[in-house]
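The residues making up each chain are set out below.
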Amino acid sequence: MKKSKFVNSFLVNGSLAIICLLWTIPTLGLLISSFRDRLDINSSGWWTIFPHKDWVEIQKITPGPEINRDQAMTMAGITATFEKFAEGIQKDGKQYIWIGNRRIGYLEVDEYKWTANTTFTLENYKQVLAGGNYTATLKDGTKVTSGGDNMSRAFLNSIAVAVPSTVIPIALAAFAAYGFAWMRFPGRKMLFALVVGLLVVPLQVALIPLLRDYVALHVNGTFLAVWLAHTGFGLPLATYLLFNYISELPRDIMEAAFVDGASHFTIFRQLVLPLSVPALASFAIFQFLWVWNDYLVALIFIGASPTNQLVTQRLAEIVGSRGQDWHLLTAGAFITMILPLIVFFSLQRFFVRGLLAGSVKG
Amino acid sequence: MSASKPQSKVAQFIQALIGSLPLVISLAVLVLGFFYVRDLQVNNKDVPQMVIVLIAIIWGVGGVVLLFTTANFFAEQLPVKWTQRLQPFIFIGPALLMLTWALVLPTIRTIIASFFNESGAKFVGLKNFVYVFTNPAMLTVFRNNMLWIVFGTSFTVAAGLLVAVLADRSRFETAAKTLIFLPMAISFVGAGVIWNFVYAVKPVSAPQIGLLNAITTGFGAQPQAWTAFFTPWNNFFLIVIVIWLQTGYSMVLFSAAIKGIPQEILEASRVDGATEIQIFFWIMLPQIMGTIIAVSTTIVIFTLKIFDVVWVMTGGQYDTSVISTEFYRQYFTYNNNGIGSAIAVVLFIAVIPVMVYNLRQFAQREAF
């Protein structure tokens, strides 16, 4: 009995650990890579930062100008042509390999031993944040220049979009939720049914007509356009969630306030809002993450305007135009994630509560 | 309060008029602010970005507060009967106006546009829908969406359930759940980059930097471009990304549901000699069936509308296009408003059953 309990617990914790590992490795690989040198990222896997056996350079032999590289050369006691050296020759547990071109290259002597690639740098983050051009020197001495990216601007833009896109729908929804919960008026049930019906409407249905309105109002490409869109798209869920919470507030507290002659506006401001902080926070986190991580709405309403682009758009653009520049992609991806991760870790409790409260997002 | 004393009609009118002043002024401020904020972003390239951002936030957030306060002030200056009639609409009005403009009207406009040609000038009847349901490229799109819905949903639900059950019996519950849940905070674009890196492919001669190809070549096989020419399996490599992202969501909901099962029932069946597997299938599953259906529905809707992942990873090439990417392409690449709208309407029709279900549930609620 005791033994089977031990085996059970081992099985449970073991499989859980494997799943967690599977879930974490992709992110971990990217995080590690974002701190590696740009040439390292492209020439070896991120897992080589851990100790492993590999060919390690122990000596560098620079041939003198007198050596004729068009015929067999003798170096380090080995006679071979340039082509053979360039492919690499193995002898006595050592590897001899020509680095660079025929004229200005050199011979590298490697030994197979335990090693770890542990050079780390913040350069990738600098390049993806600050823009400008950067030069890297390849192993054989050639220099390559490539542009960075201006993600710091996009980061500020994303804040500028996410904060109002979170606060405005919550403000509107809180009033509406109170109205639906504690006021009696004709059409109340029907209008709330409308809110419920809109919960699952795919926003794709609304995009093109909204875009036309924006073009007519000349706001296409501005933050304003994105706020209004996110406000509209977030309102059904916000109203629904806040209604569920506000309508469940203790009836006697509310009635006591009414008897005391407090107006709806006063009750809302001084009683309902403070009591609803948990629900407001849950939805705020939900909406903030949603807006920050959104790509489609930004793509359509901000579009190609480079000054107003958001982090998700910048990152997607690097993927599209420079998909092999892993030093920019890895660092850029973490810049888009850093704020959501901070919000997530510090407010996870509220986030989970929000998820549990409403499992239908349109 | 003012309305407690009997007043003459004229005095009431004057009071209402004065009471409306702040509302009129705040509406004017809002409208002017709208144009000011707009022009600030469009014209003034030399204003520091942070300043624009701050002004914009003050306008947006302050405007909402101002609007509600002044509108309420106005309502309270009216005779009591009118205050009571008007006040509910001050509370729900702005939200309803916004919903109407941003969702209700656009939906109707899109449905109308789906019966017109690409420029919206000529009525073409059902022609766009005929194209949508018969064009071979569109049929691939629907097949892909079916793959997304079937495999994306079932694996997300299964994985979430598995983790929830395992974590419930583990001492490391919180840590494990946090790790699985963490991808929920990551954008689809970010997740696309993460997985692009896992799937990265290098020529046979070079060392592989992508984990999957490093494993593949480690076993002696050829490196693969997983998301590109590997049709139709490339769709599955994209679906994996969404499973990875959404499992946290289903796990949280299942975990809460499992904790809601009364302990006595579980204990009783254990005493009766049921194995853990029997308990899972015969006791737990029936108890959390409601949650399973709710989670599945949410993820079906979600995968139905999937856009970002496909757009960032493949751009819809290599036979990976889905409804939403095709919608974007029709409208923005081919400028075809008619077919673009028809595709959006198909999405809308697909969610109508869920909408009806939600409304039915709502109709049964006693609160109303």
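Residues numbered from 1 in each chain as written. Chains lettered and ligands numbered in written order. Predicted model: local features only at pLDDT ≥ 70, side-chain atom pairs only at ≥ 80, totals over all residues.

(A) A look at the overall build of chain A. Helices and strands together make up the secondary structure of chain A, namely 14 helices and 8 strands. In terms of overall dimensions, chain A is more spread out than a globule: its C-alpha atoms have a radius of gyration of 30 Å, far above the 21 Å expected for 362 residues. Once the C-alpha set of chain A is aligned to its principal axes, its extents read approximately 105 × 75 × 30 Å. By the burial criterion, 43% of the 362 residues in chain A qualify as buried. Residue pairs in contact within chain A that sit at least 24 positions apart in sequence constitute 70% of those at least 6 positions apart. (Helix = DSSP H or I, 4+ residues; strand = E, 2+ residues; numbered from the N terminus. Rg over C-alpha atoms; globule rule 2.2 N^0.38 Å. Buried ≥ 20, exposed ≤ 12 C-beta atoms within 10 Å, placed from the backbone. Contact = placed C-beta atoms within 7 Å.)

(B) Expanded view of the domain arrangement of chain A. Per the domain assignment, the segments making up chain A are domain 1 (51-115) and domain 2 (151-357). Once you take the C-alpha centre of each, domain 1 of chain A and domain 2 of chain A turn out to be 61 Å apart. (Domains from an automatic or database assignment.)

(C) Representation of the interface of chain A and chain B in the model. Taken together, the contact pairs 91 residues of chain A with 90 residues of chain B. Counting residues per element, the side of chain A that touches chain B draws most heavily on helix α5 (residues 151-182) of chain A, which supplies 15 residues. Here the side of chain A that touches chain B is composed, by residue class, of 63 nonpolar, 26 polar and 2 charged. (Nonpolar A, V, L, I, M, F, W, Y, C, P; charged D, E, K, R; others polar.)

(D) Here's a closer look at the sheet that holds strand β4 (residues 89-91) of chain A. Residue and element names in this part refer to chain A. Taken in spatial order, the 4 strands of this open sheet run β1-β6-β5-β4, and their pairing is antiparallel. Pairing within the sheet leaves two strands with one partner each, and these edge strands are β1 (52-61) and β4. Averaged over neighbouring strand pairs, the angle between their axes works out to 30 degrees when direction is ignored. Bridge count between strand β5 (residues 94-99) and strand β6 (residues 106-115): 6 bridges; the pairing is antiparallel. Within β6, the position partnered with Y96 by the bridge is V109. (Pairing = 2+ DSSP bridges. Axes fitted to C-alpha atoms, helices over the stretch in contact; angles between N-to-C directions.)

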